[in-house]
Amino acid sequence: MRLLIVEDDPSLGEALAAGLRQLGHVVDWFRNGGQADAALSSAPYDAVVLDLGLPGGDGMVWLGRWRSRALTLPVLILTARDSVEQRIAGLDAGADDYLVKPITIDELAARLRAMVRRSSGRAQAVWQHGDLEYDPATKLVHWKGANVELTGLEMTLLEALLKHPQRVLSKTHLQQMIYDWSGGDPASNSLEVHIHHLRRKIDPGIVRTVRGVGYALGSGESAP
Ligand code: CA
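Conventions adopted
Residues numbered from 1 in each chain as written. Predicted model: local features only at pLDDT ≥ 70, side-chain atom pairs only at ≥ 80, totals over all residues. Heavy atoms only, no water. Donors = N, O, S within 2.8 Å, 3.2 Å for Na, K, Ca; no water. Helix = DSSP H or I, 4+ residues; strand = E, 2+ residues; numbered from the N terminus. Buried < 20%, exposed > 50% of the residue type's maximum accessible area, 1.4 Å probe, protein only. Pairing = 2+ DSSP bridges. Axes fitted to C-alpha atoms, helices over the stretch in contact; angles between N-to-C directions. Contact = heavy atoms within 4.5 Å. Salt bridge = Lys/Arg side-chain N within 4 Å of Asp/Glu carboxyl O.

**Q** Requested: an account of the coordination of the calcium ion, with residues and values cited.
**A** For the calcium ion, the full set of protein donor atoms is Asp8 (OD), Asp51 (OD) and Gly53 (O), at a range of 2.2 to 2.4 Å. Coordination of the calcium ion draws on donor residues from a single chain, spaced D-x42-D-x1-G in sequence. Here Gly53 lies in the loop between strand S3 (47-50) and helix H3 (59-68) and Asp8 lies in the loop between strand S1 (2-6) and helix H1 (10-22), a separation of 45 residues in the sequence. The exposure class assigned to Asp8 is partly exposed, which follows from its relative accessible area of 28%.

Okay, structure coming up:
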């Protein structure tokens, strides 16, 4: 998943970003809502982790702005504000989940998985597509029952395709899903290389090339 963290506390922000990256996520961390707002307008994210007490504008205000702009991506509030009234206000303002600090990375990651699962209309924890099975919690991939070893980047790419099994995703979109802002300028052919690896490791038909547009998930059955 590509995640956006808004947290002004340097040590907590650092720990959250590092912990989520270690679990295989692509993470951008910003210290105020303005930077996060700019990032949301320019890159696709799967979910946001939002602190409330932020310099230059409260998290509740930013959340309200995003929802009024019809931004539907899942938002998890992570805050020290622990009263029942504050929790209710956060959820009513459009948050999908509300966690009170301190938390563990494992719980945060599990809540994020659950949110993203719901937002993509899935009830099952394991994502199934034809003969392909992907478990976002354990990062295990199976093809026709056999385990497939993927690198972190290949996994993120596969997950992005699986999230929208009916859609053609542009090269730009996929590139943005697998590189965070610190990743520098990825070589222009590196996306093609990762797609090639997915086809070699899973099945040649697992990803379809849509000429001039981008890529789409294959049928989930072996290529003829
Ligand atoms: Ca704060």
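**Q** Break down unusual backbone geometry for me, with residues and values.
**A** The omega torsion across Lys101 and Pro102 is 0 degrees, close enough to zero to call that bond cis. Take Pro102: it is sitting in the loop between strand S5 (97-100) and helix H5 (105-119). Not every positive phi belongs to a glycine, and Ala70 is a case in point at roughly 65 degrees. Inspection of the secondary structure puts Ala70 in the loop between H3 and strand S4 (75-79). On the basis of relative accessible area, Ala70 is assigned to the exposed category, the value being 56%.

**Q** Could you give me a rundown of the sheet that holds strand S9 (residues 146-148), with the residues and numbers involved?
**A** With antiparallel pairing, 4 strands are arranged side by side in an open sheet as S6-S7-S8-S9. Looking at which strands have only one partner, the edges of the open sheet turn out to be strand S6 (127-129) and S9. Within the sheet, the average angular offset between the axes of one strand and its neighbour, ignoring direction, is 25 degrees. Both strand S7 (residues 132-135) and strand S8 (residues 140-143) contribute to a ladder of 4 bridges, which runs antiparallel. Residue pairing in the sheet places Asp135 in a bridge with Leu140 of S8. Where helix H6 (residues 152-163) meets the sheet, its contacts fall on S6, S7 and S8, and the angle it forms with S7 comes to roughly 110 degrees.

**Q** Tell me about the pattern of salt bridges, and name the residues and values.
**A** Under the defined criterion, the tally for this structure stands at 13 salt bridges. For Lys101, the salt bridge is made with Asp51, and the minimal N-O distance between the two is 3.2 Å. Separated by 50 residues along the polypeptide, Lys101 in the loop between S5 and H5 and Asp51 in the loop between S3 and H3 bring together distant segments of the chain. Across the pair Glu107 and Arg111 runs a salt bridge whose closest N-O atoms are separated by 2.8 Å. Of this pair, Glu107 and Arg111 are both found in helix H5, 4 residues apart, which corresponds to roughly one turn of the helix. Assessed through its relative accessible area of 32%, Glu107 is described here as partly exposed. The network of salt bridges with shared partners includes Glu7, Asp51 and Lys101.

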